[in-house]
Amino acid sequence: MMRVYNTLQGKKEELVPLSTGKIGMYACGVTVYDLCHIGHARSAIVFDVIRRYLAFKGFEVKYIRNFTDIDDKIINRAKQEGISWDAVAGKYTEEYYRDMDRLGVERADIEPKATEHIPEIIDIVKGLVDQGYAYAVDGDVYFEVRKFADYGKLSKRDVEDMLAGARVEVDERKRNPMDFALWKASKEGEPSWDSPWGPGRPGWHIECTAMSIKHLGESFDIHGGGADLIFPHHENELAQSEAYTGKPFVKYWIHNGFITIDKEKMSKSLGNFFTIREILDKFDPEVVRFFLLSTHYRSPIEFSDESLREAEASLDRYYTTITRIEDFFKEGKDQPKPSAEEKSLEETLAAFMGKFKEAMDDDFNTAMALGHIFDLIREANRFLDTKPSGPKAKDLIVKTRDLLRRAGSILNIFNKLPDVWNDALMQTKKIPYTKADILEKIRQRQEARQKKDWSAADTVRKELEAQGIILEDKKDGTTWKVRINRQG
RNA sequence: GGCGGCGUACCCAAGUGGCUAAGGGAGAGGUCUGCAAAACCUUUAUGCAGCGGUUCAAAUCCGCUCGCCGCCUCCA
């Protein structure tokens, strides 16, 4: 049984799809007017993992993630850059893909754009006007909040309370200050589409109603986004959708928490944000992904270099273990050697997937799932320390590796070879040596070691270490790797 | 002002009624090593912001207090 926290009910609920075995899921994407920051990455990754896990659980998932490609911010940006609004949208859509691809965020099944759904949007607005939920004024169309009795049920707000403490500026043409635009008349020179109310463009919330209904139907299972979308975006979306169809819109509303800097929400307006791009200049995408999954999706995450370094160290622990596993296969000893550790690993392996699923079933608890992964890693290392051999040992190690990969594939981490991980570190840590340089140093040191000239050998070691390269002497030679700087 | 959330070890972070309070990082000691690294072992919260209450039993439920944050305006 899976449980998910539903914002609408304010508690965890059992996940029961509207149609057995199938899940329709819609997540709010981005407005394409600028580069994405790490907060956008969190949301994208959270819903990417949710989608992957649901698919792993055997659901047939249809996942929709939209692009808002027309809005005030895009129009303003176009003026700034001196290009057309659709060129802005096109450019930042590409940039979005560049970042998300690097972060391992899979494409949604359908990625609709607002401007490709103008007829559907107009139909819905018209329907709302006809049913008396909306009214037109000077080419604008507003949704009349008072007409929808359940308004406020998602964000747990009361219309009267909001009016009392309203900070919104009053627009005399609205019947109620909380009324929101479904359709906006366009000003001279602005992009526009013909409509029964004159040339204009869609309001922000209506596109999601149009696109989700078109691609998922009038009622669907999951709607997600950042917690800052609960009000007003999702509240309005819910109101206009249910008013229009007369049916429940979404069964489970899922919202991810924010990323904070110095405890404050990261946001464009505060200017305290980091773009995905600048972070990926210093850390491998997998590190960012791991970092974001190491905290439960609804909790805030404090962003810092230190946290990313810790995530990097954790990942390195995984890859180091995989290297040990590879070394074990190379040795290929086949004398059976039963041990208490063998038994213990066997038990851990048998229980692992159950624990992993239990964690993920409980509102996608990736932090706990990672905890189980590291339990298995420790158990595997303990076993490898016994210098195991024999077919049974080999079988257990194969299983260990496969289970780690399987769990990793659901989170879309652990998908590199250790060498590739090391290469990535060479890059992000900006190591000033080539691999050939390092091998040459190792050769020199090896000569010194053969002569038992320990001080010369240690000089080489220290020289490399100063540049972030660690040497490891093993039975069949010396290997090297990039050192993880675990703290400051 | 209205609504909501959070406060768990040196740091990050799971756990939301009942076995010894996960996991990662850091520190200390040890095993291993020519020296290292990695790994492993031991160790670091008789206690989960504080105070009261409910209960056979609470970090977990209730109340109050303190501190921090979010939404109420575009925002992932």
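Residues numbered from 1 in each chain as written. Chains lettered and ligands numbered in written order. Predicted model: local features only at pLDDT ≥ 70, side-chain atom pairs only at ≥ 80, totals over all residues. Heavy atoms only, no water.

1. Describing the state of the cysteines
What we call a disulfide is simply a covalent bond connecting the sulfur atoms of a pair of cysteines. What counts, and what does not: When two cysteine sulfur atoms lie within 2.5 Å, the pair is treated as a disulfide.
Applying the stated criterion across every chain yields a total of zero disulfides. The closest cysteine sulfur to the non-disulfide-bonded Cys-36 is located on Cys-28, 14 Å from its own sulfur.

2. Description of the sheet that holds strand 9 (residues 220-226)
To keep things clear, this is the line we draw: Being paired, for any two strands, means DSSP has found at least two bridges between them. Helix numbers and strand numbers start at the N terminus; a helix is a DSSP run of H or I with at least 4 residues, a strand a run of E with at least 2. Orientation is described by lines fitted to C-alpha atoms, with helices fitted over the stretch in contact, and by angles between N-to-C directions that extend from 0 to 180 degrees. Here, two residues are considered to be in contact whenever any of their heavy atoms come within 4.5 Å of each other.
Spatial strand order, 4-3-9-10: four strands in an open sheet with parallel pairing. Strand pairing shows two members of the sheet lacking a second neighbour, strand 4 (60-68) and strand 10 (250-256), which therefore form its edges. The sheet shows a mean angle of 20 degrees between the axes of neighbouring strands, taken without regard to direction. For strand 9 and strand 10, the ladder comprises six bridges, and the chain directions are parallel. Residue pairing in the sheet places Gly-225 in a bridge with His-255 of strand 10. Of the strands in this sheet, strand 3 (22-31), strand 9 and strand 10 touch helix 7 (residues 230-245), which is tilted by about 160 degrees from strand 9.

3. Notes on the packing of helix 6 (residues 206-216) against helix 7
Let me state the cut-off plainly: Here the angle decides the label: under 35 degrees means roughly parallel, over 145 means roughly antiparallel, 65 to 115 means roughly perpendicular, and every other value means oblique. Definitions for this section: a left-handed crossing has its near helix turned counterclockwise from the far helix by less than a right angle. A right-handed crossing has that turn clockwise. Residues are grouped as follows: Ala, Val, Leu, Ile, Met, Phe, Trp, Tyr, Cys and Pro are nonpolar; Asp, Glu, Lys and Arg are charged; every other residue, Gly included, is polar.
Here helix 6 crosses helix 7 at 55 degrees, and the two axes come no closer than 8 Å. For the element pair helix 6 / helix 7, the angle class is oblique. When you trace helix 6 past helix 7, the crossing you get is right-handed. From helix 6, Ile-206, Cys-208, Thr-209 and Ile-213 reach across to helix 7, where they touch His-233, Glu-237, Gln-240, Ser-241, Tyr-244 and Thr-245. For the contact of helix 6 with helix 7, the residue count by class is four nonpolar, five polar and one charged.

4. Points about the pairing of strand 1 (residues 3-6)
Keep this limit in mind: Three labels apply to residues, based on accessible area from a 1.4 Å probe with only protein chains included: buried if under 20% of the type maximum, exposed if over 50%, partly exposed otherwise in between.
Alternating residues of strand 1 divide into Val-4 and Asn-6, all buried, and Arg-3 and Tyr-5, none buried. With four bridges connecting them, strand 1 and strand 2 (residues 11-14) associate as antiparallel partners. Pairing of Arg-3 across the sheet is with Glu-14, part of strand 2.

5. Comments concerning empty space enclosed by the protein
Filter applied, for reference: Both cavities and pockets are sets of points on a 1 Å grid over the protein atoms alone; in a cavity a 1.4 Å probe fits but cannot get out, in a pocket the set is open with protein on both sides within 12 Å along at least five of seven lines, and lining residues sit with an atom within 4 Å of a point. Grid points are joined across faces, edges and corners, and a volume is the space filled by probe spheres set on the points.
A complete count under the given rule lists one cavity of 30 Å³ or more for this structure. Around the largest cavity sit Val-46, Val-49, Ile-50, Leu-292, Leu-293, Thr-295, His-296, Tyr-297, Phe-364 and Thr-366, which together line it. Residue assignment for the lining of the largest cavity shows that the elements contributing at least two residues are helix 1 (38-56) and helix 9 (285-293). Counting residues per element, the lining of the largest cavity draws most heavily on helix 1, which supplies three residues. In the lining of the largest cavity, the residues fall into seven nonpolar, three polar and no charged.

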